Amino acid sequence: MANILNIQTSISGENSVSNKLSQIVINQLLDKNPDSKVRVRDLALNPIPHLDIHHFSAARVPDEEKNDEQKEASKYSDEALKEIEEADIIVIGVPFYNFTFPSTLKSWIDNIAVAGKTFSYADGTPKGLLQNKKLYLNFAVGGVYENGLIENMEHYLKTLFGFIGITDVEVFKSQGMMVPQLKEENFSKTVAEIETALA
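Once a new chain begins, its residue numbering starts again from 1 and follows that chain's sequence as written. Given that this is a predicted model, residues contribute local features only at a pLDDT of at least 70 and side-chain atom pairs are listed and counted only at 80 or more, while totals for whole chains, interfaces and linings are drawn from all residues. Just so you know, side-chain values use all the structure's heavy atoms and leave hydrogens and water out.

J.: Let's hear about unusual backbone geometry: which residues, and what values?
T.: Of note in this structure, Phe-99 is not a glycine but carries a positive phi near 75 degrees. The numbering of helices and of strands both runs from the N terminus, where a helix is a DSSP run of H or I of at least 4 residues and a strand a run of E of at least 2. Mapped onto the fold, Phe-99 is located in the loop between β3 (89-95) and α5 (103-112).

As structure tokens, then:
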């Protein structure tokens, strides 16, 4: 049994390709471990506010030392941290908006990258504290890009998650999702890649 955290970021809801790819990944995981539990955090429907100074400061105060105001200010970070700490597998849908991923995903990342909780400089060098977790990144891109844009986004996310200790990362990408003559074929190829990789 595994705890699976499904992070959805697309504003397209049921029509979202990234959500569909994530669900295919999850279905494959459930086929192998049907007792696994899935928790969904939809950042499009319920976005986490972007960091401000009160939130940033409060999230770094030890839980037992927080006053009521600090508890309120850090509640979003506390919830997101609890979810990812409890997860064995994280599945993230990553749509491509204006040459990058949605800002709601960046805000979620800012809320889980917390010194002393998901990374530490205690011994003088950075150390990720989230260990033994598997991450699946499912990219859905409207056009087709050969200029490194998608690779740069992938590199950033891998670097960030590696910094907090999650280094076992598998990536699936489907481009041309807004190009009628490419969409169906490219999507099918990505689905086949997922099914083969998770067989």
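Past the structure itself, the notes keep going.
J.: Let's hear about the pattern of salt bridges: which residues, and what values?
T.: Pairing between side chains becomes possible if they bear opposite charge and their charged atoms approach one another. Salt bridge, as applied in this entry: a Lys or Arg side-chain nitrogen positioned within 4 Å of an Asp or Glu carboxyl oxygen. Following the criterion strictly, the structure yields 15 salt bridges and no others. Residues Lys-75 and Glu-72 are paired through a salt bridge, measuring 3.0 Å at the closest nitrogen-oxygen approach. With a relative accessible area of 30%, Lys-75 lands in the partly exposed category. Its relative accessible area of 48% is what places Glu-72 among the partly exposed residues. Between Lys-82 and Glu-86 there is a salt bridge; the shortest N-O distance is 2.7 Å. Taken together, the residues span about one helical turn, with Lys-82 and Glu-86 both in helix α4 (residues 75-86) at a distance of 4 residues. By relative accessible area, which is 45% here, Lys-82 ends up partly exposed. Each member of the salt-bridge network shares a partner with another, and the members are Asp-63, Lys-66, Asp-78 and Lys-117. Buried, partly exposed and exposed residues are distinguished by accessible area as a fraction of the type maximum, computed with a 1.4 Å probe on protein chains only: under 20%, between the cut-offs, and over 50%, respectively.

J.: Hey, could you go over the packing of aromatic side chains for me, with residue numbers and the actual values?
T.: Only the six-membered ring of Trp is used, alongside the rings of Phe and Tyr, when aromatic pairs are assigned; centres must lie within 6.5 Å, and planes under 30 degrees apart are stacked while those over 60 apart are edge-to-face, with the rest tilted. For the structure on display, the rule yields 9 aromatic pairs. Taking 6.3 Å as the distance between ring centres and 40 degrees as the angle between the ring planes, the aromatic pair formed by Trp-108 and Phe-161 counts as tilted. Note that Trp-108 is positioned in helix α5 and Phe-161 in helix α6 (residues 149-163), a separation of 53 residues in sequence. Among the residues examined, Trp-108 registers a relative accessible area of 0% and is labelled buried. For Phe-161, a relative accessible area of 1% translates into the label buried. Consider the rings of Tyr-136 and Phe-172, whose centres lie 6.5 Å apart with planes at 10 degrees: the pair is stacked. Of this pair, Tyr-136 sits in strand β6 (residues 134-140) while Phe-172 sits in strand β7 (residues 168-174), placing them 36 residues apart in sequence. Taken together, Phe-96, Phe-99 and Tyr-145 form an aromatic cluster joined through their ring pairs.

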